[in-house]
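Working through the structure, step by step
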Amino acid sequence: SEQLNRFAGFGIGLASLFTENVLAHPCIVLRRQCQVNYHARNYHLTPFTIVNIMYSINKTQGPRALWKGMGSTFIVQGITLGTEGIISEFTPLPRELSHKWNLKQIGGHLLLKGLTHVVAMPFYSASLIETVQSEIIRDNPGILDCVKEGIGRVVGMGVPHSKRLLPLMVLTFPTALHGVLHYVISSIVQKLVLFVLKRDNSHNLPAESSTSVQSMLDAYFPELIASFAASLCADVMLYPLETVLHRLHIQGTRTIIDNTDLGYEVLPINTQYEGMRDCINTIKREEGMLGFYKGFGAVIVQYTLHVAVLQLTKIIYSTLLQNVS
């Protein structure tokens, strides 16, 4: 029974991880393409239009078009985790906050998060290009092209860029700001949701016959639900900032994206933003406030899929445990 519980807990975590990073990747691809497509007349604010455009792209280019850049997103996650570990090892900046935290510790911890995002920034930029570049015109990228192009961006070599390419220094503040705010919002929401769930569980004590099943559910699911709610809140609240960030990163990289109005044809990215403030003002003036939310329907699809997988694994898990007990 104990081995089964461990196996089930591992399976639930794996299902959540798979949904977040693999199953949801087409939503991330479409969301980013919509965000950087300043030409678009259809903003795809609802899941219905997003599913329709996914179907069109899949039909014309094949399923690979919806999973492009997935390898590079894993590489960026690895670089981020590795960088955070190295910086915390060689500096006094704390990787985790102790229970007796103070303002100095919080400041150091957030500085660590910001520095980590700045170091990973050129690789994030290369990964973003891989994710939004149209499958119609791109060659088959190698799995480490993201690393090579990221280093090339730092040293000023590699893939040719146009004069509109923004220096990494201009991208530093919006990248660090988005990364730190995402972490702060998700951490606060996660702790709040966990607190509420654990308080409710302590008030609603299960019947004797279902104690072992319920205790196992209570052990695994609050963490997953809290993590899900934290990611959702951070993504929704920071979506306008993410749109601005992606446009700044993609400018001047000679990237060709899919036409998200039609699902076929391609479009060049020829923006000329001078920086974060100019990008915000231009989007507001030319596309309206809803321009910051282009592709938001993909977020709804992504988190709906996540809820469905969580619910399915919970049903399977509780049925399995009840049968064994």
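See the structure above.
Read on for a plain summary of the structure. Predicted model only: the values in this text are computed from it and were never measured.

Moving on: the packing of helix α9 (residues 239-250) against helix α10 (residues 276-287). Across the interface, α9 lies against α10 with an axial gap of 10 Å and an inter-helix angle of 110°. The angle between α9 and α10 places the two elements in the roughly perpendicular class. Of the two elements, α9 crosses α10, and the hand of that crossing is right-handed. Contacts from L241, T243, V244, R247 and L248 of α9 reach α10 at M276, C279, I280, I283 and E287.

A separate point is the packing of aromatic side chains. As enumerated under the stated definition, the model contains 4 aromatic pairs in all. When the centroid spacing of 6.1 Å and the interplanar angle of 5° are considered together, the rings of Y239 and Y293 count as stacked. Of this pair, Y239 sits in helix α9 while Y293 sits in the loop between α10 and α11 (296-324); the two residues are 54 residues apart in sequence, bridging distant segments of the chain. For the pair Y293 and F296, a centre-to-centre distance of 6.0 Å together with 80° between the ring planes defines the contact as edge-to-face. Owing to a relative accessible area of 31%, Y293 belongs among the partly exposed residues under this scheme. Taken together, the ring pairs in this structure connect Y239, Y293 and F296 into an aromatic cluster. K113 extends its terminal NZ or CZ atom over the ring of Y183, reaching a point 4.4 Å from the ring centre.

So, about a nonpolar patch on the surface. Taken together, the side chains of L45, L290 and Y293 define a hydrophobic patch exposed on the protein surface, amounting to about 240 Å² of accessible area. Relative to the helices and strands, L290 resides in the loop between α10 and α11.

On inspection of all chains with the given rule, the structure shows 10 salt bridges. R95 is the salt-bridge partner of E84, the closest N and O atoms lying 3.3 Å from each other. With E84 in helix α4 (residues 70-90) and R95 in the loop between α4 and α5 (103-132), the pair connects residues that are 11 residues apart, well separated along the chain. Overall, the relative accessible area of 9% leaves E84 in the buried class.

What counts as what
- Residues numbered from 1 in each chain as written.
- Predicted model: local features only at pLDDT ≥ 70, side-chain atom pairs only at ≥ 80, totals over all residues.
- Heavy atoms only, no water.
- Axes fitted to C-alpha atoms, helices over the stretch in contact; angles between N-to-C directions.
- Helix = DSSP H or I, 4+ residues; strand = E, 2+ residues; numbered from the N terminus.
- Parallel < 35°, antiparallel > 145°, perpendicular 65-115°, else oblique.
- Left-handed = near helix turned anticlockwise from the far one by under 90°.
- Contact = heavy atoms within 4.5 Å.
- Phe/Tyr/Trp six-rings, centres within 6.5 Å; stacked < 30°, edge-to-face > 60°.
- Buried < 20%, exposed > 50% of the residue type's maximum accessible area, 1.4 Å probe, protein only.
- Lys NZ or Arg CZ within 6 Å of the ring centre and 35° of its normal.
- Patch = residues over 30% accessible without salt bridge, like charges linked within 9 Å, V, L, I, M, F, W, Y side chains within 5 Å.
- Areas by Shrake-Rupley, 256 points an atom, 1.4 Å probe, with all protein chains shown as cover.
- Salt bridge = Lys/Arg side-chain N within 4 Å of Asp/Glu carboxyl O.

So far we have only geometry, and geometry alone does not tell us how the molecule works.
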